[in-house]
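# Analysis of the macromolecular model
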Amino acid sequence: MSELDDFRAELRAWLLSHCPPSMRTPPGDGEEVWGGRRCVFPSEDARRWLLAANTRGLTAPTWPTEYGGGGMSREQAAVLAEELRALGCRPPLRSLGIWMLGPVLLRYGTEAQRRAFLPGIIRGETRWCQGYSEPGAGSDLASLSTRAVRDGDHYVVDGQKTWTSHADKADWMFCLVRTNPSAPKHQGISFVLIDMASPGITVRPIQLISGASPFCETFFEGVRVPVDQRVGDEDAGWEIGKYLLSHERSNISLSRDAQSSVEEPLAAQARRYEGGAPGEPLRDASLRDRITQVDLDFLCNKLALRRAAEEAAAGRPAGSEASMFKLVGTEVNKRRRELKVALRGFAGLGWEGEGYLDDELTTTREWLRSRANSIEGGSSEVQLNILAKRVLGLPD
Amino acid sequence: MSELDDFRAELRAWLLSHCPPSMRTPPGDGEEVWGGRRCVFPSEDARRWLLAANTRGLTAPTWPTEYGGGGMSREQAAVLAEELRALGCRPPLRSLGIWMLGPVLLRYGTEAQRRAFLPGIIRGETRWCQGYSEPGAGSDLASLSTRAVRDGDHYVVDGQKTWTSHADKADWMFCLVRTNPSAPKHQGISFVLIDMASPGITVRPIQLISGASPFCETFFEGVRVPVDQRVGDEDAGWEIGKYLLSHERSNISLSRDAQSSVEEPLAAQARRYEGGAPGEPLRDASLRDRITQVDLDFLCNKLALRRAAEEAAAGRPAGSEASMFKLVGTEVNKRRRELKVALRGFAGLGWEGEGYLDDELTTTREWLRSRANSIEGGSSEVQLNILAKRVLGLPD
Amino acid sequence: MGFVLSEEELSIQATARRVVDAHGGPAVLRRLRDERDPLGIAGELWGALRALGLVGLALPEAEGGAGLGLKEVGLVAEELGRTLSPAPLGAHTVAARLVARRAGSSLARELTPSLCDGSRLATLAHEEGVRHEARPRAVTLSRRGSGYALDGDKSFVPFGGAADWLVVSAAHEGGAALVLVELARAEIMSLCTIDSHGAARARFRGLEVAADAVLTTDAEAELGRALDEATLLLTAEMLGGAWEAFRRTVEYLKQRRQFGVPIGSFQALKHRAASMYCDLELSRAVVREGLSVADGAQGSLAELASAAKARLSDTYVHVTNEAVQLHGGVGVTDELDLGFFMKRARVTEQLMGDAAFHRDRYARLLGY
Amino acid sequence: MGFVLSEEELSIQATARRVVDAHGGPAVLRRLRDERDPLGIAGELWGALRALGLVGLALPEAEGGAGLGLKEVGLVAEELGRTLSPAPLGAHTVAARLVARRAGSSLARELTPSLCDGSRLATLAHEEGVRHEARPRAVTLSRRGSGYALDGDKSFVPFGGAADWLVVSAAHEGGAALVLVELARAEIMSLCTIDSHGAARARFRGLEVAADAVLTTDAEAELGRALDEATLLLTAEMLGGAWEAFRRTVEYLKQRRQFGVPIGSFQALKHRAASMYCDLELSRAVVREGLSVADGAQGSLAELASAAKARLSDTYVHVTNEAVQLHGGVGVTDELDLGFFMKRARVTEQLMGDAAFHRDRYARLLGY
């Protein structure tokens, strides 16, 4: 263990000298760094921190150094995570490229593709978006109809993607397209990488019930994509797409949990509106009971998450838990946000303008936004189907 | 209207002189008269009242006098119902024969069958039971497998019926049997009448989670049934069976409603256990809210039932409401009975023996019995299927 | 026979449906929102309703109203709810009925005809703080000289920016009073709410009130009745909205295809839809019954109003939540109108007391 | 790492499973019911558990127990719940721990070894009236001469007919006391309850109690802890029962065919089953965590006990209700064992406080 201790000591010293003090505070709204050609850093320190991190491959600590990764062992990466947390360092970079596409390229990509794309992803020079959903293909993702027709050493892509987060800010898109319309639906799909600067691409932001959103619709009209930007074999993209999705699902449920645990307790929020001394029961007995129910469901979900993590760490992963946590996490979160609005009474009904506190308007918008949580990334209904089939073994 | 007024006056006078005073009180447990060869009348007055009623066909007021019915018009029958209610007369007879089989014979039976069976039904001399459900055919009734094989002018019946109410007390059974095993399942069924005294019939009572029950299993081994006891054509029994079922469904939801409206209010029951003065809020806020929810659901259901009745009376029946009332009625009833047990706390946990009041034991047994309400007569799931299809027009 | 609509009622319903479809609807609401309209009222529609005499349905015939009942107003309110058309029908009806009954006040006598024909608009200013309460506390009426002074804040006045007159409830000497205040004399802050329906705060700072403008200083029974009426008209609007969100959802279930079949063929979704249908049918029964009782049919107005609001608060929220979820991704886009139903459901849930408030009240009315 | 079972824990679980399957199960329960057995205990199973040392798992090693924790007892309790085997494991463990801790009482010192090996059976007599409360009221302990007198009724003593000794909670001078009473000295009425598990009422009429039999007259903290322990062991049993009712239901959904297909292929039923699965997984997490905290892991015992009981009361009732409904007609027959799970769920829901009691308590513990 002494080698790992040495590593930890050296790393800590390095972090203390290279991570600017301003980068050791929690990031505010819009202060996260997502990289890309058009990246606007929130501060000079943020830019310096990313550059420093890149010298040691900290954005992708376990990836090979030949692509710019950190080349660390799992144990070393765990130490890195602990030290970053201990020192309160901000993540130097957030990136779909690292979370989702990178693992796909490492597993399914050609050596040329890895050399072409991984360094830019790791250093935060290229920003990626995901082209999966289509208007006619929601829960039934495999029914997608964006076509890619072979024309020499290019594909010509026509169709429409929707729910593309930050398509308007991304440099590249990883994308599922139909290369064989006559094959069964799962067998005619390919996984391709598309430069968002290609002629024929139009991006339109989507307005949600909660207001502006990072989601976009992306239209393809005769977009030419070199064949060597296809990952894996032609018509064999479905498996790759699913592999990538498994990463998305766990990200959603975990981020939800982390986010809610730092919030002001619901009861304290309720007391701000109805008064009364701390320690006394809330006056509105019905509201109080609803709060307790959500608090308890949240607690039980947290314990179940911890249990799953401990079992996994002990080498006894139960499997298929991602669906459960996605389902329960988003449903509890919806109820929690509904309750946050309800406990504000009339003060929870504002859309904008004067007469409402910023906190009230934010709470209301977040409630509206949370309605999508149980739809995006596999709806609650899809998760129930998965659980019934894979965990309970119920017949189709 | 004067003719109807005369009828009313004459009828009232007749009832006053022919309905014994003891028959003008609500019947106690076990005091209902179901007729049949083995009928044991609860009192001599009950027997006299039935005999008197038979002289005017009051048990089947609108049926033709040639079979022993009352031969009344719809208006006259309505007057009869009003007068019976006004004077508090007990029904002289309760009878599946009248409620279910009679309408079938009047619509589908031969003249010979009507003459053979209706008089005994009307006078309460023969008691009928229903042979529909089978162990393998619950919600999917049409998959029944009790076979009837033609042998000359008889059928030979083999198989098993279940959930037969009072099969042990009935003289005859109306029964669905499979006469053509190779036809599609709805097209190989016949409707037959079986004498329960026939050799080869064994009846075994069913014990429920609530204890003893009127339900029985009925086993048929080589039971010979004359072909002229078949109603309607061979293999055409499914339509007849469904026609009969439509009567059963409306009976269940209406009787539920009538029954609960005379009960002591839940809040008053709760107060007996937790004390406190009438008018004060119940101390247990959570119990109080559950009571209110059930009370309100019960109220809304009652209003919806009244609305449906008024619309029907005005000649604008909405149709398909039977499924809704069966569903909502039984579900609300289940919650109500659960609550009745819950509000008794430890006093609601008794099965028998000392330490519990009779009322407590009855409440607990009735709760257990009520679990079957949402299963029998078409389960809640079946009602939801029917509503989705027939009312909402959702595709199969 | 209160449940069966008469020929006259059916004709009012048909007229309302036609007018509301022609001049109202979510498109109007969307425009009000995008233009940040401070009044939050579908002006053209309101004009059309006035022209057809649908504004004074339950106001006295002698003063220019139609002399009908709240049940008729409820039928129009259902149509407003169905189309999410912001129009102060309920608020105006209830406020105007309070004014019209006051033969003792010359101001009230003078105002009544213009309220009956809708040339002047009134609304009830009652809600204070963040939650509905039965009695006013924050706004007080006190004697000053030969008249009175009005003080305090009303937190949520429906169509408070668009009205000409406010009927303000106020605490007064241990009881309650109802006071007529011309809008121009109050400090008004228009609120921009999620449902884009008009709403405002009103502040009174020592506002001088003439004795003639005080409708009553013994208002408890009358205010209670007015709140029950307003509650029931609100539930009628909610009923219309909930049915429409449900209807659109069933339609979508039939048309949207996934995995090669309409999603309405999935049994889990069918069962959820069928449950909602039952819920809505029961909701309709209690709302219609409540309005009949308000018009004089046998029964307790207070009990029915609470029964209806408790149910509709839950039902409208539940049905719109389900509607959005069952629509999947498009359900949460602003492009679809569905989100507006969800937002309106949330506002109406709080107005006049939420489900918990009314269940508690119902239990108290029944003595437990 | 409290959630991952150790090798030793897995071995206890396996042993318990084997013994319980061999000597317990619904058939035993059915026999107790049909013979109207007043003790309501699976005697043979209890003997086998004793023989294997599973009765004193969480009792001190020095006195003949195994010196392990409540988490281990919980694993055995889950197995009892799974097989609906009536055995006083939880009641005895908690009562015996109270006795074993009392080195000051010679009676307690003398009893402890026999409680640790299970040759004598103890239970906690706490419940009064029709609902669980945290503090005793109806039963009082008062000073009389050099000793004490015990008065009042305990309404529901688990395995009260089968026990040799009762640990009775009693109100005493504004606080609470814990008193050892030999069963033969109390008036006992065995109850015939729906779940056919042993239960009794106990009446004390001026019962003379020697000072040595009073475990403590300052019992509030200790009683609170004992109730939390008993609550958590009860939830472990409930967890086992709920999972088993669920498992049987999933099995039935796979086997039962209607309309030519297994009914488990109907999506509405699938979704209901999958929801229950999530509910049960969360239930397992909170019960196991609670028992770990009882054994010393970081956290608030009271909060976790209430969290677990609130959840399991709802979950066990919900799952058994659904199990019966999804089994259809056979679900309500006595022939199937399922009804026993439903009945036991209803009893355990009330014991030690129902969901509403524990949600209220949880909120109070968190200061709201």
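## A few points about the packing of aromatic side chains
Following the criterion strictly, the structure yields 26 aromatic pairs over all chains and no others. Where Phe174 of chain B meets Phe191 of chain B, the ring centres are 6.2 Å apart and the plane angle is 5°; that geometry is what we call stacked. One end of the pair, Phe174 of chain B, is in strand E4 (residues 172-178); the other, Phe191 of chain B, is in strand E5 (residues 189-195), and 17 residues separate them in sequence. Here Phe174 of chain B matches Phe191 of chain B in class, with each residue buried. Members of the aromatic cluster, connected to one another through ring pairs, are Phe117, Trp128, Tyr132, Trp172, Phe174 and Phe191 of chain A. One Lys or Arg, Arg56 of chain B, reaches over the ring of Trp14 of chain B and ends 5.1 Å from the middle of that ring. Taking the ring centre of Trp351 of chain B as reference, the NZ or CZ of Arg365 of chain B above it sits at 3.5 Å.

## Remarks on the packing of helix H8 (residues 285-313) of chain B against helix H9 (residues 301-327) of chain C
Across the interface, H8 of chain B lies against H9 of chain C with an axial gap of 11 Å and an inter-helix angle of 100°. Judged by the angle between their axes, H8 of chain B and H9 of chain C are roughly perpendicular. Side by side, H8 of chain B and H9 of chain C meet where Leu296, Asp297, Leu299, Cys300 and Leu303 of chain B of the first sit next to Leu304, Ala307, Ala310 and Arg311 of chain C of the second. Class assignment for the residues of the contact of H8 of chain B with H9 of chain C results in seven nonpolar, no polar and two charged.

## Quick look at the relation of the copies chain D and chain C
When chain D is fitted to chain C, the residual RMSD is 0.0 Å, and the transformation amounts to a turn of 180° plus an axial shift of 0.0 Å. Here the symmetry operator amounts to a two-fold rotation axis. Minimal C-alpha distance to the rotation axis in chain D is attained by Ala268 of chain D, lying at 1.9 Å. Comparing interface residues between copies, 100% of those in chain D also sit at the interface in chain C, which points to an isologous, same-surface contact.

## Description of the domain arrangement of chain C
All names here are of chain C. With domains assigned, chain C is organised as domain 1 (7-116), domain 2 (122-217) and domain 3 (221-365). Domain 2 and domain 3 are separated by 29 Å when their C-alpha centres are compared. Taken together, the contact between domain 2 and domain 3 spans 17 residues of the former and 14 residues of the latter. Together, the buried faces of domain 2 and domain 3 total about 1,300 Å²; carbon and sulfur atoms form 73% of this surface.

## Considering the domain arrangement of chain A
Taken domain by domain, chain A holds domain 1 (3-94), domain 2 (128-235) and domain 3 (240-391). One C-alpha centre belongs to domain 1 of chain A, the other to domain 2 of chain A, and the line joining them spans 32 Å.

## Regarding the confidence of the model for chain C
The share of residues in chain C with pLDDT of 70 or more is 100%, and the mean pLDDT across the chain is 97. Two summary scores accompany this predicted model of the complex, namely pTM at 0.93 and ipTM at 0.93.

## Side note on the interface of chain C and chain A
Counting from both sides, the interface comprises 44 residues of chain C and, opposite them, 43 residues of chain A. Carbon and sulfur atoms supply 58% of the area that chain C and chain A bury against each other, a total of about 3,500 Å² over both sides. Seen at the junction of chain C and chain A, the total is three salt bridges. When the shortest N-O distance is used, the salt bridge between Glu381 of chain A and Arg272 of chain C registers 2.8 Å. On the surface where chain C and chain A come into contact, there are 24 residue pairs in polar contact (both at pLDDT 80 or more). Listed by contribution, the elements that provide at least two residues to the side of chain C that touches chain A are strand E3 (147-158), strand E7 (192-193), strand E10 (257-258), helix H8 (267-294), H9, helix H10 (338-350) and helix H11 (355-365) of chain C. If one sorts the elements of the side of chain C that touches chain A by residue count, H10 of chain C sits on top with six residues. For the side of chain C that touches chain A, the per-class residue count stands at 16 nonpolar, 14 polar and 14 charged. With two bridges connecting them, strand E9 (residues 350-352) of chain A and E7 of chain C associate as antiparallel partners.

Analysis parameters
- Residues numbered from 1 in each chain as written.
- Chains lettered and ligands numbered in written order.
- Predicted model: local features only at pLDDT ≥ 70, side-chain atom pairs only at ≥ 80, totals over all residues.
- Heavy atoms only, no water.
- Phe/Tyr/Trp six-rings, centres within 6.5 Å; stacked < 30°, edge-to-face > 60°.
- Helix = DSSP H or I, 4+ residues; strand = E, 2+ residues; numbered from the N terminus.
- Buried < 20%, exposed > 50% of the residue type's maximum accessible area, 1.4 Å probe, protein only.
- Lys NZ or Arg CZ within 6 Å of the ring centre and 35° of its normal.
- Axes fitted to C-alpha atoms, helices over the stretch in contact; angles between N-to-C directions.
- Parallel < 35°, antiparallel > 145°, perpendicular 65-115°, else oblique.
- Contact = heavy atoms within 4.5 Å.
- Nonpolar A, V, L, I, M, F, W, Y, C, P; charged D, E, K, R; others polar.
- Least-squares fit on C-alpha atoms with pLDDT ≥ 70 in both.
- Domains from an automatic or database assignment.
- Buried area = accessible area lost by both parts, 1.4 Å probe.
- pLDDT = per-residue confidence, 0-100.
- Salt bridge = Lys/Arg side-chain N within 4 Å of Asp/Glu carboxyl O.
- Polar contact = N/O pair within 3.5 Å; in protein donor to acceptor, adjacent residues only side chain to side chain.
- Pairing = 2+ DSSP bridges.

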